[in-house]
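Residues per chain, in single letters:
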Amino acid sequence: MVKNNLKSLIVILGIIGALMIGIIYYHYQYPNTQNRIFGVTYMTMNNPFYEVINNELLKAIEDNGDQLLVRDPALDVDKQIEQIYSFIDYHVDGIFINPIDSEKITPALEAAHQAGIPVIVVDAPVKNEELVNCTIVSDNYDAGVQCANDMMKRFDSARIVLLKHTNVKSAKDRIDGFLDTIDGLSQYQVVDEGECEGQVELAMPLMEDILQRQSNIDVVMALNDPSALGALAALEAHHQENTVVYGVDGTPDMKTLIGSHAMIAGTVAQSPISIGHLAAEKMYEYLAGKDIENEVVIPVQLINEDNIEMYDETGWQ
């Protein structure tokens, strides 16, 4: 009898322990508050650009006494979709999304729209913009245009490699701006290209593979700074010192190389600080019943050796 009672006690204590762990985990994931709770899902946090956006967003929300649930799907669109549905199930007051795939998240956006939850999109627009309340982006097309114009000042002709992330509209717009600018100019030839998802660890081996096929490359146009740095590492390893690289972001890492490293031609500076600040501002304006713009486009600026002294090399715009 005593033995049976002891077993029952152990079982009960085990159940209580499991319940306590579950409660602690739940409140860690979804903290209790009487104020507003927002959710944000980025395409990846393996990029300092999104860390800066998140810091600005978090600061603005916490300054209002509210809370932000931050999720990192690590470039897995199915996981990002699950995260959006999780926010909806939790009845958050608003959702911020940096989409991995501009089209595939449409059903999740429709669900948020039907639930009456406002959605602010940052950095990369979605295909169905009528499903979101505001989109805050850099002028990504112009970023590509500025890189192409700078390249044409440096080279009378060029053999070009493109490093892309086609599923993300902001990245595609940069490449499109570059290509449209050189369209019809036969002296500027795209000799190879590849998808690297904007990740340095994918761009480097991709560039190494391209170098096995292409021994003569003048220019690498990379969709962002991490992929530009990955390309640079591969080019240096193969002693391709006459090739120049363009990036987009304006990261401190790229800015410190401009003017001191001959292979870094430039980077087009975005402002993740402005994106994060504006995202919070527009969400609160909407919740206050104000009319907000469908889209906010932030100008960009090419940074090269001619104007690097005008920029803080250690920080972001």
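The shown structure was predicted, so the numbers you read here are calculated from the model rather than taken from an experiment. (Residues numbered from 1 in each chain as written. Predicted model: local features only at pLDDT ≥ 70, side-chain atom pairs only at ≥ 80, totals over all residues. Heavy atoms only, no water.)

Draft legend 1. View of the sheet that holds strand β7 (residues 188-195). Read from one edge of the open sheet, 6 strands run β7-β6-β8-β9-β10-β12, paired in mixed fashion. In this open sheet, the two edge strands, each paired with only one partner strand, are β7 and β12 (301-303). Strand-to-strand, the axes of this sheet are offset by a mean angle of 20°, without reference to chain direction. Direction of pairing for strand β10 (residues 264-269) relative to β12: antiparallel, over a ladder of 3 bridges. Each residue of the ladder has a partner; that of V268, found in β12, is L302. On top of the sheet, helix α5 (residues 140-154) reaches β6 (158-164), β7, β8 (219-222), β9 (244-249), β10 and β12; it is set at about 160° to β9, its chief contact. (Pairing = 2+ DSSP bridges. Helix = DSSP H or I, 4+ residues; strand = E, 2+ residues; numbered from the N terminus. Axes fitted to C-alpha atoms, helices over the stretch in contact; angles between N-to-C directions. Contact = heavy atoms within 4.5 Å.)

Draft legend 2. Quick peek at the environment of G259. As for its placement among the helices and strands, G259 is situated in the loop between α9 (252-257) and β10. Distance from G259 to E305, taken between C-alpha atoms, is 4.8 Å for residues 46 residues apart in sequence.

Draft legend 3. Region of the structure containing the side chain of S227. With respect to the helices and strands, S227 occurs in helix α8 (residues 225-237). The class for S227 is buried, based on a relative accessible area of 0%. If we ignore the near neighbours within four places in the chain, the residues touching S227 are L163, C196, G198, A203 and A222. (Buried < 20%, exposed > 50% of the residue type's maximum accessible area, 1.4 Å probe, protein only.)

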